[in-house]
Amino acid sequence: MNANNNTDRILILDFGSQVTQLIARRVREFGVYCEIWPFNNAADDKITKFNPKAIILSGGPSSVTEENSPRAPEIVFNLGIPVLGICYGQQTMCEQLGGKVESSDHKEFGRAFVQIKQNCALFQDVWLENSQEEVWMSHGDKVVSLPNGFEVVAVSDGAPNAVIANENKKFYGIQFHPEVVHTPHGKELLKNFVINVANCSGNWTMSAFRQQEIDKIRAQVGDKKVICGLSGGVDSSVVAVLLNEAIGDQLTCIFVDTGMMREGEAEEVIELFQNHYNINLIHSKSSDLFLSRLSGVSDPEQKRKIIGKTFIDIFEDCANSIGDVDFLAQGTLYPDVIESVSFTGGPSVTIKSHHNVGGLPDKMNLKLIEPLRELFKDEVRILGAELEMPEAFIKRHPFPGPGLAIRIPGEITLEKLEILRKADKIYLDALHEWDLYDKIWQAFAVLLPVKTVGVMGDSRSYEYVCAIRAVTSTDGMTADYYHFSHEFLSYISTKLINETRGINRVVYDITSKPPGTIEWE
């Protein structure tokens, strides 16, 4: 993402926290442009050229007490701009400025409470002196000695310097995580820092992002050709429409019909993009190839890799049929990236691979265009609305690139796909009927590799178990299960069993993220 010269900027230095992207998510909500850089990819001249109004230091899994642990570039504290250190960011700021951090006997993970000792700019109109406030902690170290010029403004049971402030230099350090929803007033604290302390104007909008990305795409592509993998989901659909607006006939969309989409979606994709938008579209009917390559495969990572490789093989054939193509466009989002990539020097943990993150340019000899790579799902929907896309596409629940293949744990067969496709449609239709669909971030059915005994029509049945999943979320980074009424659960269980041959038992997944992921594989 690139801001123009008139846009205020916040720089976020990442020390490996799994929730660093949520800091950016919050900052953008305030209408302020920001970028995230790995701490070790922030050279002095690069920071100076970026010209940030303020810098935020993220959390991370390291300990500043360890040898060779990450440190912020010294220029951060010499630019004369506000700095906010969060968790590890607070600790390294203190160490680098002359304070002291030690391992704590009282570690804090999860919900905690801070006591507000005195006012500071971060607390304005949010927290009052002498109040007790709920926060979300995740630390094993604590600041035990402050650098010169700092004062303690809040404490907790495990952190005697839970919030510290140097109001003269506008340096602030907080031991908890304001970026997560589990800190009830965290968003307001961050807004105070970004808007009031850093004096950012808040004039960066999705309309501005749209134009910046169009200009960026045109500059990158020139007169060359681009192919775009179109799945029919929100992400790839928004990418396709954005590219069509930017480069028109230079774009060819390739719709690889894996045979693993939801019922009726293939037809919807063709109608919208070929007939409505008049975009160059190649429809590759490839279900037989995918099924043959997945035959006998049960391991979820192996399935993803096979799907990814097959996807690339088909793309190569389609690209060769077009002629000279230089670029491949993808709908990669930030949650995909953070779950797939551990940046050098920062120990973010790889949770699972994503078929559309990495590997494609080397195999296909194409340069990547990923205009949504820095966006969260809800921001993509806002961009889709900005592009005046049909509401039905914009509000569609997320659907993974590998499709129903990762909602069938174990071996994939045509019979299982047909059972799951029907069950999934019944489930989603019911959500619409009960006016629940738009209240849920993502909902889907999973066909388990388990058969159970049942009684249907006075006869013994031995059929599959169907799990239904529904979660609420704002960005896909964390999620909680949707609290259906027992009336709905009873209704959908009966409907699925009565109308889907092959299913005789229904269960509801009530796992949050974390510890689970949203998808089962």
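Note that this is a predicted model, so its numbers are computed, not measured. (Residues numbered from 1 in each chain as written. Predicted model: local features only at pLDDT ≥ 70, side-chain atom pairs only at ≥ 80, totals over all residues. Heavy atoms only, no water.)

K.L.:
Break down helix 15 (residues 486–499) for me, with residues and values.
P.N.:
With 14 residues, helix 15 ought to run about 20 Å at 1.5 Å a step, and its terminal C-alpha atoms sit 20 Å apart, in line with that. All of the buried residues in helix 15 are Phe-488, Ile-492, Leu-496 and Ile-497. Mapping the buried residues of helix 15 onto a view down its axis gives an arc of 150 degrees, with all of them on the same face. Opposite the packed face of helix 15, turned more than 90 degrees from it, sit the exposed residues His-486, Glu-487 and Asn-498. (Helix = DSSP H or I, 4+ residues; strand = E, 2+ residues; numbered from the N terminus. Expected span 1.5 Å × (residues − 1). Buried < 20%, exposed > 50% of the residue type's maximum accessible area, 1.4 Å probe, protein only. Arc of directions from axis to C-beta.)

K.L.:
Mind laying out the pattern of salt bridges, listing which residues take part and the relevant values?
P.N.:
One pass over the structure, following the stated rule, counts 22 salt bridges. Here Asp-223 and Lys-224 are joined by a salt bridge, their closest N and O atoms 3.6 Å apart. With a relative accessible area of 66%, Asp-223 lands in the exposed category. Overall, the relative accessible area of 37% leaves Lys-224 in the partly exposed class. The salt bridge partner of Arg-396 is Glu-265, with a shortest N-O separation of 3.8 Å. Here Arg-396, found in the loop between helix 13 (391–394) and helix 14 (414–433), pairs with Glu-265, found in helix 7 (residues 265–276); they are 131 residues apart in sequence, far enough to count as distant. You can call Glu-265 buried: its relative accessible area is 6%. (Salt bridge = Lys/Arg side-chain N within 4 Å of Asp/Glu carboxyl O.)

K.L.:
An account of the environment of Asp-215 is requested, with residue identities and associated values reported.
P.N.:
Tracing the chain through its elements places Asp-215 in helix 5 (residues 206–221). Put simply, Asp-215 and Ala-246 are 31 residues apart on the chain and 7.5 Å apart in space, counted from C-alpha to C-alpha.

K.L.:
Describe the pairing of strand 12 (residues 280–285), with residues and values.
P.N.:
Bridge analysis of strand 11 (residues 251–257) against strand 12 gives six bridges, and the strand direction is parallel. Across the sheet, Asp-257 pairs through a bridge with Lys-285, a residue of strand 12. (Pairing = 2+ DSSP bridges.)

K.L.:
Before we move on, could you go through the confidence of the model for the protein chain and cite the residues and values that matter?
P.N.:
The predicted coordinates ought not to be read in detail in places where the model reports low pLDDT. When pLDDT is averaged across the protein chain, the result is 88; 91% of the residues are at 70 or more. Ignoring residues within four places in sequence, the model shows residues 341–355, a span with pLDDT below 50, making 49 contacts including any to other chains. (pLDDT = per-residue confidence, 0-100. Contact = heavy atoms within 4.5 Å.)

K.L.:
Tell me about the packing of aromatic side chains, and please be specific about residues and values.
P.N.:
Counting across every chain of the model gives 18 aromatic pairs. Seen in terms of ring centroids, Phe-15 and Tyr-88 are 5.4 Å apart; in terms of plane orientation they differ by 45 degrees. Their pairing is tilted. Within this pair, whereas Phe-15 is found in the loop between strand 1 (9–14) and helix 1 (20–29), its partner Tyr-88 is found in helix 3 (residues 88–96), the two being separated by 73 residues in sequence. Of the residues examined, Phe-15 reaches a relative accessible area of 1% and is grouped as buried. Here the aromatic residues Trp-434, Tyr-481, Tyr-482, Phe-484, Phe-488, Tyr-491 and Tyr-508 are joined through ring pairs into a cluster of three or more. Here Arg-9 stacks its cationic end above the ring of Phe-50, 5.3 Å away from the centre of that ring. One residue, Lys-451, lies across the ring of Tyr-464, its end atom 4.9 Å from the ring centre. (Phe/Tyr/Trp six-rings, centres within 6.5 Å; stacked < 30°, edge-to-face > 60°. Lys NZ or Arg CZ within 6 Å of the ring centre and 35° of its normal.)

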